[in-house]
There are 2 protein chains.
Amino acid sequence: MELLAEVLNITAGGRQIAILGEETASLLGVHSSDRICVTHGDQQIIAIANLATHFPKNRIGLYEEISMALGLKGGETVEVCLAKLPESLRHVRAKLRGERLREHDMVTIVKDVVERHLSEVEIAAFLTALKIYGLSMGESEALSRAMVETGETLDFGEAPILDKHSIGGIPGDKTSLLVVPIVAAAGFKIPKTSSRAVTSPAGTADRVETLCPVNLSINEIKAVVEKTNGCLVWGGALDLAPADDLFIQVEYPLGIDPLLLPSIMSKKKAIGATHIAIDIPTGDGAKIKSMTEAYTLASDFVDLGKRLGMNIQCALTFGEQPVGYAIGPALEAQEALTTLMGDGPADLKEKAISLAGMLFEMIGVKGGRQKAENMLKSGRAEKKLREIIEAQGGNPRIKADEMSVGYNKAEVTAKQDGRVLWISTEDTVQIAKAAGAPKEKGAGVVLKAKLGEAVKKDGVLLEIYAERSGKLESALELAKRLQPVMLSKRPEERMLLDRVPEKIAGEKPFMLER
Amino acid sequence: MELLAEVLNITAGGRQIAILGEETASLLGVHSSDRICVTHGDQQIIAIANLATHFPKNRIGLYEEISMALGLKGGETVEVCLAKLPESLRHVRAKLRGERLREHDMVTIVKDVVERHLSEVEIAAFLTALKIYGLSMGESEALSRAMVETGETLDFGEAPILDKHSIGGIPGDKTSLLVVPIVAAAGFKIPKTSSRAVTSPAGTADRVETLCPVNLSINEIKAVVEKTNGCLVWGGALDLAPADDLFIQVEYPLGIDPLLLPSIMSKKKAIGATHIAIDIPTGDGAKIKSMTEAYTLASDFVDLGKRLGMNIQCALTFGEQPVGYAIGPALEAQEALTTLMGDGPADLKEKAISLAGMLFEMIGVKGGRQKAENMLKSGRAEKKLREIIEAQGGNPRIKADEMSVGYNKAEVTAKQDGRVLWISTEDTVQIAKAAGAPKEKGAGVVLKAKLGEAVKKDGVLLEIYAERSGKLESALELAKRLQPVMLSKRPEERMLLDRVPEKIAGEKPFMLER
C-alpha cells in the first residue's frame, strides 16, 4: 500500500518504529507490534508498527532512525506492506516454550536485537524466559560469541592482555583504580573498560572521570595503552558487544539480570583480554550472599572462560562492608589516589594487591603478590596512574586534597561507646545516592569506623558530602532513620537485629552493575 | 525540573508516553522506561519515559493521551520529576521470581495495566512468567475478578442469562450463529459477544457482520436483547474486561496465551452470564490435541466458574476437521443461514443442537436436546435470527444466495478416486487467509468432501473464493502445494503420512481466538 511519509522529529533511541493509523493497519492486516516493510526507491527497511488511534489514514509516521535510513524529508510516498516474522522471533518463542537454543538460534536473535528487528516486548519475554529457565553453558557460550561478533573488537596484536572485573554489589569498591596501575607498572598490558553507575552511587568510570576524561575512542584507547600499558575508560560508547547494552535497557525496569556471565565475558572477549581476574564480593551486603553461591558462579565463569578461550581466575572477596571508607565518585578517586601514595585503608590495599598478585601468577610470574606489593610501595603504581591520567587528558600532578568533593558536609555521631558490629551496605548506598551520587560527583559518604573498630559516644560514625544543601539534609535525615552503622559494646548485647515492622523495609534493592 | 511541553500530534494507542532527551533524563536520574510525574497546575499524570537521542534538552514530548489529560496545547511549562516505582511493578517482579501472587497483588497489577502505569515491557515479562510458571486457581480467580472490576459490566436484572463460548481453533465453526437464535427462540436470554479473527480466517463477529452491524453500544445491546432475547455483537469496543484486550496485544507478538481461562471467564462475568456452555474442540486439528488435555482444561473451567459464581458445562467436541463445509466470513454466515432454513451440513446441525440442548438442561429444562431440535426444525430459530439481524440494523429478509461471496472462484480437484482420510485444518486456514479472509469478507474456502466421504478422480475437493484475482491465484497455488485433503481408496493404502523434509513444515501456527 502506498502511504505518505510523515517524518517525526524524534529519534526512538535506535528503535525502528513506524506509526500507522488503526484503519490503515487493519487494511494492511497489521497488528500492533507486527513488522512492516517500508520501501522508498531501492531502499527498504523493516520497522515495527505502533498503532495510533487518530493518525491520518493515508500517512505513515517515521521516527528519525527510519526516515534517515530511507533518506526521506517527509511528504514522499513510500510502499508499505506487512513483513513476515523474523526467524529470530521463532527462536524466542521456542525459548518461551522452554526449548534449548542452538548457537545458530542465538546468533539470529542477537543479530536482530542489534539491528532492532526484535521489539522490546519480544526482548523482555526472551530475557524473562532466560531468567526463569536459566542458560545452559552452551547457550551462554553461543550468546557471548554472538554478542562479540555483532560489535567492535580490540586487538593489541600480542599476549598476554590482562583484565580485572568485579561483579559489583558493594559500595566503595575502587580497587580497579589501584590494580590497573599496579599491573601496568609491572610492564603488562591491561586495557580496562568499565561502566558508569546504574543502580549504585559510583561506577569505576564515574570515579576515574573525576581525574581525567574517560570517554575515549577505540583508537585513543589503543594509543593510551601503547604508551602506558593501561587505561581506565568508559566502555559504554565503544560499541563493544552492543547487544548487551540493549539487553540491559530492558533488564533494568524488570529488575532481572539473567545474562550476568555472557554480558561480562563478551565485553572482555571484545577487548581481547587473555587473562582475567574476576572479583566476586561475597557476603550479606553483596550481590552474592553465600560462599556456596559464590563458588558456583566462580566455576561457571572459569568454564565459560575456557569455552571462549580466556584464562579466568575468580577471587571470592569479603563483602560484608564497603571497601575502604569513601563512597561516591570524587571521594573514592581521592581515596584511591591517597592509597597509591602510600597512605589509605588497609582493606583496599590488601584487596588490590591480592587481585594484582593473582593476575601476575596467572601469567607465570613467581611471587606475584610480592611483585604487586612492590609496585604499590615503591610508588611506581602511583607514577603509572599519573601517566595514564595524563595520557587520557587529565592533570597528572593532581593532589588528593585538591579534588573537588562536596562543599556541604554533615556528620552522623554515635549514641554510645562501642565497637562496629556491622555496617549496612544497602543503607550506605541509599544515603550516598540521597546526597547526590553518582550524578553529583562530589557527593557521597565517608565512613569513620569499619567493622570491629571502637567508637566513643558522640564520636563520628560517618560524614556525608553533598553539592547541594537540600540533598545534604535529606541524606542526613535518611542516615538518622536508617542508622547504617550498628554499634555494640559486646556482640552479645546486640542480639536483637531488627524489629518488624518498625523499620519500613523496601524490597531488596536491585543491583545492575558491570 | 521545569520543561517546555511539546505536544506531539500522535496518540500512543492509550499508552502514556513522554519523550525526554537523554541529557535531560540523566539530569533527572531517569533511565529509559522509568516513570515520571508530569505536573501542570493542579493536574498530575504518571508517564513512562522514552529517551530520544536528539530531543531538545529543555523540552518534554507528550503524546496526545497525556497532553489531553493535562489540558496542554504546547509551549506551557510543566514540572517533571522521577516517579517512584509503582507497587504493581513490585508484584510483577515477585512473579518473575516465581512467587505466588495474592488477590490484592493481582488487582494492583490489573489496575495499573488498565491505567497504563505498566509498560509493555513489564507486561510482556509478567505474561511470560505466567506462561512458564502457570497460574494457580486462586491467581486465575483473582485475575478474572480484577479484570471484571476494572471494566464495564452488563446487568439484565434477571436470571438465568445463558451464554455459549468456543475456545476456538478449528476453522468453519459458525455454531454460535445457530445456538444463539435457538436459545433465544425458546425464550431464554443469551447476549452473545464475540471477537473478530486475530489468527483465524473468521471470528464470529466477522461472520455476523456480513448479515448486520455488530459494533453496538452497551445500551443498544440491552435494547436488542430486551426485544429479541439474544444478540450477536462484537465485544471488542465494549470495554468489558479491558485489561484482557491489553494483555492480548502483548501476547499476540509473543505467540503465548497464558490467560485463556481468566480472559474468557472475565468477559462472561462482565456481561452477567449465569449459565455457560463452553465448547472445547479436541483433536489433531484443534488447539487441544488430546482428550486428557481437554478434560483438564474443562475441569479448570468448571472450578473457576464455581469460584466466580457461574454455572459452567464444557462440551468436548470433534476437532479433527472444519465444522461444516464453508470457511470465511460471508461463506460461513451463508452456511449458517442455510442450515437454519432446514438445509446445511449435518455436523453443524448436530453441534448446534447438542450445545443448545446442554444449555437448556443446565437450567433445568427436561429433554433439552429435543427442544433445541424443535426450535431448529420448526423454523423458529431462523425467524429469531432474522429478528436479531433486524434489531441490530441489518436486512431481515436477506436470502442465502444474495450474500456477497468472493467473485473470483477456483477449484481443487482429486488426482484419484478415494475416500477422504483426513483434512488438515491448519492448511485450510492458510489457504482461506491467502484468499483474503478475514479482511476480505467474501473470501474463503468451501470443502466439497469431508472425512469418510467418497470422491471420484477429477472430482472437486474444495472451492476457493476471493475478492481479488491475485489472491485467488496465490491461494490456489498454496492449496496445490499443501494438499489439505488426503484421499485413500482404503486406509491401509495410506500408511505413510508424510515424508520429512519433503514438506516444509512451518512452526505450529499460533491460535489466539476468544
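Residues numbered from 1 in each chain as written. Chains lettered and ligands numbered in written order. Predicted model: local features only at pLDDT ≥ 70, side-chain atom pairs only at ≥ 80, totals over all residues. Heavy atoms only, no water.

Details of the overall build of chain A
(1) Moving on: A tally of helices and strands in chain A yields 18 helices and 18 strands.
(2) Moving on: What you see for chain A is a C-alpha radius of gyration of 25 Å, in line with the 24 Å of a compact globule of 514 residues.
(3) Moving on: In chain A, which comprises 514 residues, the proportion classed as buried is 59%.
(4) Moving on: Look at the contacts in chain A between residues 6 or more apart in sequence, and 79% of them connect residues 24 or more apart.
(5) Moving on: Considering chain A, the positive charge centre built from 64 side chains and the negative charge centre built from 70 side chains are found 4 Å apart. (Helix = DSSP H or I, 4+ residues; strand = E, 2+ residues; numbered from the N terminus. Rg over C-alpha atoms; globule rule 2.2 N^0.38 Å. Buried < 20%, exposed > 50% of the residue type's maximum accessible area, 1.4 Å probe, protein only. Contact = heavy atoms within 4.5 Å. Lys, Arg positive; Asp, Glu negative; His and termini not counted. Charge placed at Lys NZ, Arg CZ, Asp CG, Glu CD.)

Observations concerning the nonpolar core
(1) Moving on: Core analysis: the biggest nonpolar cluster contains 63 residues, and Phe126, Phe247 and Leu254 of chain A together with Phe126, Phe247 and Leu254 of chain B have the highest contact counts within it.
(2) Moving on: Residues contacting Leu254 of chain A, with those up to four places away along its chain left out, are Ala124 and Thr128 of chain A together with Arg93, Leu96, Val121, Glu122 and Ala125 of chain B.
(3) Moving on: Listed in part, the 46 residues of the second largest apolar core include Leu178, Ala333, Leu337 and Leu385 of chain A. (Core = buried A, V, L, I, M, F, W, Y, C linked by side-chain atoms within 4.5 Å.)

A few points about the interface of chain A and chain B
(1) Moving on: On the side of chain B, 44 residues touch chain A, which itself brings 44 residues to the contact.
(2) Moving on: For the pair chain A and chain B, the summed buried area comes to about 3900 Å², and 58% of that belongs to carbon and sulfur atoms.
(3) Moving on: Where chain A packs against chain B, one counts zero salt bridges.
(4) Moving on: Mapped onto the side of chain A that touches chain B, the elements with two or more residues apiece are β4 (43-52), α3 (87-96), α5 (120-133) and α10 (242-254) of chain A.
(5) Moving on: Considering each element in turn, the side of chain A that touches chain B owes the most residues, 10 residues, to α5 of chain A. (Buried area = accessible area lost by both parts, 1.4 Å probe. Salt bridge = Lys/Arg side-chain N within 4 Å of Asp/Glu carboxyl O.)

Structural notes on the relation of the copies chain A and chain B
(1) Moving on: Its rotation angle being 179°, the transformation that places chain A on chain B also includes 0.1 Å of axial translation and leaves an RMSD of 0.1 Å. Within this description, the copies of the chain are treated as partners about a two-fold rotation axis.
(2) Moving on: When the interface residues of chain A are mapped onto chain B, 100% of them again lie at the interface, so the same face is used by both copies. (Least-squares fit on C-alpha atoms with pLDDT ≥ 70 in both.)

Quick look at the environment of Thr199 of chain B
(1) Moving on: Secondary-structure assignment places Thr199 of chain B in the loop between β8 (190-194) and α8 (204-209).
(2) Moving on: The sequence separation of Thr199 of chain B and Ile19 of chain B amounts to 180 residues, and the corresponding C-alpha distance is 33 Å.

Section: the sheet that holds strand β16 (residues 454-455) of chain B
Residue and element names in this part refer to chain B.
(1) Moving on: Across the sheet, which stays open at both edges, the three strands sit in the order β16-β14-β18 with antiparallel pairing between neighbours. Lying at the two open borders of the sheet, with one neighbouring strand each, are β16 and β18 (485-488).
(2) Moving on: Across two bridges, the pairing between strand β14 (residues 418-423) and β16 is antiparallel. Bridged to Arg419 within β16 is Ala454. (Pairing = 2+ DSSP bridges.)

Some thoughts on the pattern of salt bridges
A side chain of one charge can pair with a side chain of the opposite charge when the charged atoms of the two come close.
(1) Moving on: Considering all chains together, one arrives at 67 salt bridges over all chains under this definition.
(2) Moving on: The partner of Lys383 of chain A in a salt bridge is Glu387 of chain A, with the nearest N and O atoms 3.4 Å apart. Highlighted residues: Lys383 of chain A and Glu387 of chain A, both in helix α16 (residues 380-391), separated by four residues, approximately one helical turn.
(3) Moving on: A salt bridge links Lys448 of chain B to Glu463 of chain B; its shortest N-O distance comes to 3.6 Å. With Lys448 of chain B in the loop between β15 (444-447) and β16 and Glu463 of chain B in strand β17 (residues 460-466), this pair connects stretches of sequence that are 15 residues apart.
(4) Moving on: On the accessibility criterion, Lys448 of chain B (40% relative accessible area) is partly exposed.
(5) Moving on: When its relative accessible area of 7% is taken as the criterion, Glu463 of chain B is described as buried.
(6) Moving on: When salt bridges with common partners are traced through the structure, they connect Arg196, Asp206, Glu209 and Lys441 of chain A into a single cluster.

Let's talk about the packing of α10 of chain A against helix α5 (residues 120-133) of chain B
(1) Moving on: One can describe the packing of α10 of chain A onto α5 of chain B by two numbers: an axis separation of 9 Å at closest approach and a directional angle of 75°. With respect to α5 of chain B, the element α10 of chain A is oriented roughly perpendicular. Residues Val250, Pro253 and Leu254 of chain A of α10 of chain A pack against Val121, Glu122 and Ala125 of chain B of α5 of chain B.
(2) Moving on: Each residue belonging to the contact of α10 of chain A with α5 of chain B can be placed in one class, and the counts come to five nonpolar, no polar and one charged. (Axes fitted to C-alpha atoms, helices over the stretch in contact; angles between N-to-C directions. Parallel < 35°, antiparallel > 145°, perpendicular 65-115°, else oblique. Nonpolar A, V, L, I, M, F, W, Y, C, P; charged D, E, K, R; others polar.)

Digging into the sheet that holds β15 of chain B
Residue and element names in this part refer to chain B.
(1) Moving on: In space, the four strands of this open sheet follow the order β12-β15-β17-β13, with antiparallel pairing throughout. Since the sheet does not close on itself, it has two edges, and those belong to β12 (326-327) and β13 (408-413), each with one partner.
(2) Moving on: In this sheet, β15 lies alongside β12 in antiparallel orientation, the contact comprising two bridges. Counted as the bridge partner of Ile327 is Val445 from β15.
(3) Moving on: On the sheet, helix α17 (residues 425-434) packs against β12, β15 and β17 and is oriented at approximately 135° with respect to β15.

Quick word on unusual backbone geometry
(1) Moving on: Cis peptide bonds are those with omega within 30 degrees of zero, and the linkage from Ala159 of chain A to Pro160 of chain A qualifies with 0°.
(2) Moving on: With respect to the helices and strands, the residue Pro160 of chain A is situated in the loop between α6 (137-149) and β7 (162-166).

Overview of the confidence of the model for chain A
(1) Moving on: On average, residues of chain A carry a pLDDT of 92, and 95% of them reach 70 or more.
(2) Moving on: The complex prediction reports pTM at 0.88, with the ipTM value standing at 0.86. (pLDDT = per-residue confidence, 0-100.)

Concerning helix α7 (residues 176-185) of chain A
(1) Moving on: With 10 of its 10 residues buried, α7 of chain A lies for the most part within the structure.
(2) Moving on: Residues of α7 of chain A that are buried: Ser176, Leu177, Leu178, Val179, Val180, Pro181, Ile182, Val183, Ala184 and Ala185 of chain A.

Quick word on helix α12 (residues 291-308) of chain A
Side chains that are three or four residues apart share a direction in an α-helix, a result of its 3.6 residues per turn.
Residues and elements named next belong to chain A.
(1) Moving on: If you check α12, its first and last C-alpha atoms are 25 Å apart, about what 18 residues at 1.5 Å a residue would give, namely 26 Å.
(2) Moving on: Looking only at α12, the buried set comprises Ala294, Leu297, Ala298, Phe301, Leu304, Gly305 and Leu308. Here the buried residues of α12 occupy an arc of 130° about the axis, which is enough to place them on one side. Along α12, exposed side chains directed more than 90 degrees from the buried face belong to Thr292, Tyr295 and Lys306. (Expected span 1.5 Å × (residues − 1). Arc of directions from axis to C-beta.)

Some thoughts on the packing of aromatic side chains
(1) Moving on: A full pass over the atoms with the stated rule returns four aromatic pairs over all chains.
(2) Moving on: Look at Phe126 of chain A and Phe247 of chain A: their rings are 6.4 Å apart centre to centre, the planes differ by 35°, and that puts the pair in the tilted class. Highlighted residues: Phe126 of chain A in helix α5 and Phe247 of chain A in helix α10, separated in sequence by 121 residues.
(3) Moving on: A residue is classified by how much of its surface remains accessible, and Phe126 of chain A, at 1% relative accessible area, is buried.
(4) Moving on: Ring plane angle 50° and centroid distance 5.7 Å describe the contact between Phe188 of chain B and Phe360 of chain B, whose orientation is recorded as tilted. With Phe188 of chain B in the loop between α7 (176-185) and β8 and Phe360 of chain B in helix α14 (residues 346-362), this pair connects stretches of sequence that are 172 residues apart.
(5) Moving on: Taking the ring centre of Trp234 of chain A as reference, the NZ or CZ of Arg196 of chain A above it sits at 4.7 Å. (Phe/Tyr/Trp six-rings, centres within 6.5 Å; stacked < 30°, edge-to-face > 60°. Lys NZ or Arg CZ within 6 Å of the ring centre and 35° of its normal.)

A closer look at the environment of Ile10 of chain A
(1) Moving on: On the secondary structure map, Ile10 of chain A appears in the loop between β1 (2-7) and β2 (17-21).
(2) Moving on: For the pair Ile10 of chain A and Cys231 of chain A, spaced 221 residues apart in the sequence, the C-alpha separation amounts to 36 Å.
(3) Moving on: Once you skip the residues sitting within four places of it in the chain, Ile10 of chain A turns out to touch Tyr63, Glu64 and Glu65 of chain A together with Leu8, Ile19 and Ala52 of chain B.

As for the side chain of Asp34 of chain B
(1) Moving on: With respect to the helices and strands, Asp34 of chain B occurs in the loop between α1 (22-28) and β3 (35-40).
(2) Moving on: Among buried charged residues, Asp34 of chain B stands out as having no salt bridge; its nearest opposite-charge side chain is Arg35 of chain B, 5.7 Å away.
(3) Moving on: There is a polar contact of 2.7 Å between the side chain of Asp34 of chain B and the backbone nitrogen of His31 of chain B.
(4) Moving on: Each residue touching Asp34 of chain B, except ones within four places of it in the same chain, is listed here: Tyr252 of chain A together with Gly29, Ala47, Ile48, Ala49 and Leu82 of chain B. (Polar contact = N/O pair within 3.5 Å; in protein donor to acceptor, adjacent residues only side chain to side chain.)

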